[in-house]
Each structure stands twice: as structure tokens, then as C-alpha cells.
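An overview of the molecular structure
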Amino acid sequence: MSRWSKVPLGPEDAILGVTVAYNHDPNPKKINLGVGAYRDDEGKPFVLESVRMAERILLEAENAMEYLPVAGDKTFVKNALKLAFGSECSAAPGFENFAGMQTLSGTGACRMGGELLARFYDAPDVYLPTPSWANHTPIFKDAGCTVKGYTYYDASTCGLDFKGMVADIEKMPPSSVVLLHACAHNPTGVDPSKAQWDQLSALMREKHLVPFFDMAYQGFTSGDADVDAYAPRKFLKDGHHMILAQSFSKNFGLYGHRVGCLSFACDSVAEAQAVESQLKILARPMYSNPPIHGVRVVNEILQEKTLESKWRLEMQGMAERITGMRMKLRSGLEARGSAKIWDHITSQNGMFCYSGLTPEQVGRLSTEWSVYLTKNGRISMAGVTSRSVEYLADAIHAVTK
Ligand code: PLP
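Report follows, based on the coordinates. Quantities reported herein were computed from a predicted structural model and do not represent experimental measurements. (Residues numbered from 1 in each chain as written. Predicted model: local features only at pLDDT ≥ 70, side-chain atom pairs only at ≥ 80, totals over all residues.)

Attention now moves to the pairing of strand β2 (residues 98-104). Of all the 7 residues making up β2, 6 are buried; the element is thus mostly covered by neighbouring parts of the structure. As paired elements, β2 and strand β10 (residues 259-265) share 7 bridges and run antiparallel to each other. Bridging across to β10, methionine 101 finds its partner in leucine 262. (Buried ≥ 20, exposed ≤ 12 C-beta atoms within 10 Å, placed from the backbone. Helix = DSSP H or I, 4+ residues; strand = E, 2+ residues; numbered from the N terminus. Pairing = 2+ DSSP bridges.)

Written out as C-alpha cells, the structure is:
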């Protein structure tokens, strides 16, 4: 008998399974709306020109390829915090009290945050919005935290259940950690308004709760990275001991390079040093140190005005293409005389549309139309193109009649 015979076969990841089914389909009209990655209007993976330019500069510089320190590149961490909180705020007194480390993208940032909570925080109950990114639960559970949920989405309006959210937050025991998607909520595309963020910040201060922001799509809601950072900036101003996980996968298109940052707002430099020292102790036996190329690209872009402006324009272009597809899909469904209301396609934000399609309708989309998406009805709008949007409207109309 083999030594490994007791290892059971695990289930396929639900999101990656959609791509497997898509790849097996010979229909030339097939559409993959499962992947959470930006595609251009040809449906192809997109490398930003600002990233290519930064890479050319790096190639010329012939940099060494030595190991980074365990906590990663310090300059990158500063740049990441500046991008999140704005140059004014990051130059203000007190900002040196931030503990920060480079992480294996947004996933790694959430995981390291969870690890630190499980090891050192007295109340490591992490509350996730219902629903949340499917990976949040295993990330925080595997880190050793207890995962709980709070009301977020209202299926009857395909919008935010703000009343329910506030009611649940009011009931949380003091010191609980509340995970908040900073913008472009995945999977629903539904975000609180500025006024609602203000109210949430005040409520969480009053209830002594700890905000844990996951910012994986900075720029994808409005096209402007500063506008999208409203919530973490407001919470910082209001004095929360907040945690922030940042991903550079989507907004810089650096998916496979695994570029991310985790930070903690502390009360003093000494406290920040202690948190950083423990993050290093956690990271060293896991992966020793993070990868070097992606953070060099980000540094090159964020430290050079022309490149930064180019990146901001490209970011805006990605967001605008998605908004354009939202409008075309909605008007396409309305033009076909759909009796359903499709306002949420345009009122939701970011990369995803939580369509309200039932699992049965999603099944019909794949078997009858070769249109693939996750069972929960989440459409990756970044996968819709000018060429496929009319076909998609036909398909959705047919299965929702
Ligand atoms: N957080 C959310 C809400 C996400 O949707 C994602 C990716 O889909 C991530 C974090 C992490 O992505 P990555 O590890 O590629 O940065």
C-alpha cells in the first residue's frame, strides 16, 4: 500500500472549476465570466504599458537578484501606504506608527493578518460580510481565527442591506475584528456610500471594534485610486487601530508576481516595531522572504511622475471599459424586452456583477449557451467584450424569461 493512500481527493476550487469547464467547451462563442482578472476588449489578459515601461527601465538597470529582507522591500511598503492613505496623510505626524510588511499579494496579506491575530490578539473572532470573497473563510480559519458573518447583501434589491449590517455590527462583542472590503466588494459589487462609511466608522469606534480592510481593487470602483480609498482614509482619520491588506494584482495587473502589503495602525513606533518583529517571525518559516520583481515595478511606477500618471490613466481606462460593458449589457437586456429589472448591473461597482441569476439559470447558461460563471450568479464584467456583450444579453434573456 502506498504511503499516501490515506490522502483523500479534495474538491476542485469552485472558481477555478469554471475555467476548467470553459476550456473543455469547443463552442467558438463560449464566454468565461468566472475569472477575477481584467481582460481587454478582445478578451485577452492585459499587461499595462506603464508596467512594461517600468520593466524596460529595470532591465537596463541590471539589478542584483539577492533575497529581500523577511518583511520585504521597505520602500515598497512606504509607496503602498502612500497609495492607500494619500501623500498628505502619509506625511503627517503619527504615520511612522504604522507597522507594514510586503506580502504574497492580497491573499498573503489577509493570511498574515489572520496569523498575527490568532497568535497575539485576545479576541480573534473575524466577522466577514455575507457573502464575501470565497477564500476569506479558509484564509482566516486556517490562520486559526474563528470566522463569523454579518449581514451585507440584500437579495431583494441586489444592493446593500445597510440596516441589517448596522444591526449586526451593534451586536458584536467589543474588540471583534470586522473585515470590510474597502471598495468594489467581491462578489456583490455593492459598496457603502461615503455617508454610510462615515456612520460605520463612528459606530465601530463606539463599539470598540477593529476594522480589517481588504483593498484588492483600489481604482476599480471609480477609476481613481484616491477616490476608492475613501473608507480606509476616513477610518484612519477617525483613529481606528485598523489593519489593511492591499493587493496590486488587479490595479497594476501584476497577478502572478504576487505583490501585496499588510499594515497595522499602531499607537507608537515601539508598538509598530513589535508588530513588525512578530510578522517577520511568522513569515520566516513559511516562505523566508517575498518575491522581488513585482515590487520593483510598483516602486518604479509610483516614484516617477510620468509613469505614475500613465498608470493612473490606464487604471481609469480599465474601470471605464467595465462600466461601458455594464451599460451595454443592461441596455441589451432592456432592448430585448426583459421583464426583469436590471438596474443593479449598472449600480453595482468594480469587477463583478452579482446578477441575481439562480444556480439553475447559471447551469442553463453553460449547457445551452456556453457562458460560464460561478453558481452564485457572479459575472466577472471584466470578461465581457464589445463582441460578446450582445450574445451574452441574448443568453441571459433566454434563461430568465
Ligand atoms: N481580496 C479579495 C476581495 C479578492 O477578490 C482577491 C482576489 O480575487 C484578493 C483579496 C486577493 O488576490 P491576490 O492574492 O491575487 O492579491
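A sheet is described by the order of its strands in space; here 7 strands give the open sequence β2-β10-β9-β8-β7-β3-β4, paired in mixed fashion. Each of the sheet's edge strands pairs with one partner strand only, and the pair in question is β2 and β4 (146-151). Here the average twist between neighbouring strands, direction ignored, is 25 degrees. Set on the sheet, helix α7 (residues 162-171) makes contact with β4 and β7 (177-181); between it and β4 the angle comes to about 140 degrees. (Axes fitted to C-alpha atoms, helices over the stretch in contact; angles between N-to-C directions. Contact = placed C-beta atoms within 7 Å.)

Another aspect to go through is the site of the ligand. As a structural note, the neighbourhood of the ligand is formed by 13 residues, with Ser105, Gly106, Thr107, Ala216 and Ser247 the closest of them. Broken down by element, the residue count for the shell around the ligand peaks at 3 residues, all from helix α5 (residues 105-120). (Near = placed C-beta within 6 Å.)

Take helix α2 (residues 49-61) next. In a regular helix each residue adds 1.5 Å, so 13 residues correspond to 18 Å; α2 covers 18 Å between its end C-alpha atoms and thus fits that length. For α2, the set of buried residues is Ser50, Val51 and Ala54. Each buried residue of α2 sits inside an arc of 100 degrees when the element is viewed along its axis, so together they form one side. Away from its buried face by more than 90 degrees, α2 exposes Arg52, Arg56, Leu59 and Glu60. Backbone geometry just after α2 places glutamate 62 at a positive phi near 45 degrees. (Expected span 1.5 Å × (residues − 1). Arc of directions from axis to C-beta.)

Among the structural elements, lysine 30 can be located in the loop between α1 (14-24) and β1 (31-32). Between the C-alpha atom of lysine 30 and that of tyrosine 372, which follows or precedes it by 342 residues, the distance is 7.8 Å.

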